[in-house]
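Inside the fold
Chain by chain, the residues:
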Amino acid sequence: MLFQRASMKGAAGIVLSLAAVLMLTACSSHEPKPMAQPTPDHVRGHADRGFDKLKQEEQERGVQPAAPH
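First, a word on what this report is: a plain description of the structure on this page. Worth saying up front: this structure is predicted, and the values here are computed from it rather than measured. (Residues numbered from 1 in each chain as written. Predicted model: local features only at pLDDT ≥ 70, side-chain atom pairs only at ≥ 80, totals over all residues. Heavy atoms only, no water.)

1. Considering the overall build of the protein chain
Counting its secondary structure elements, the protein chain contains two helices and zero strands. Expressed as a percentage of its 69 residues, the buried residues of the protein chain come to 0%. (Helix = DSSP H or I, 4+ residues; strand = E, 2+ residues; numbered from the N terminus. Buried < 20%, exposed > 50% of the residue type's maximum accessible area, 1.4 Å probe, protein only.)

As structure tokens, then:
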């Protein structure tokens with residue numbers, strides 16, 4: 001009876017170890033998907049918004065005299 005318990009624990013350990021290895025292997029075999037590349041129009045739109053925001057901030061601050069050197 002003692003021998004059966006020890007062998008059951010050993011078998012359970014082997015099964016759990018095997019399951020863990022299989023799960024890790026299955027997850028690592030999937031290649032990551034490449035990021036979607038933005039279209040030139042999308043990039044241009046972001047750049048235009050950023051430039052407009054910069055112009056607006058400059059107008060809100062007003063024209064500041066140049067710093068003396």
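Next comes the rest of the write-up.
2. Re the pattern of salt bridges
Opposite charge on two side chains lets them pair, provided their charged atoms get close. Evaluation of the coordinates by the stated rule reveals two salt bridges. Of the charged contacts, one joins Arg 44 and Asp 41 as a salt bridge, the two residues approaching to 2.8 Å between their closest N and O atoms. Of this pair, Arg 44 and Asp 41 both sit in helix H2 (residues 40–61), three residues apart, roughly one helical turn. Taking relative accessible area as the criterion, Arg 44 reaches 47% and is therefore assigned partly exposed. (Salt bridge = Lys/Arg side-chain N within 4 Å of Asp/Glu carboxyl O.)

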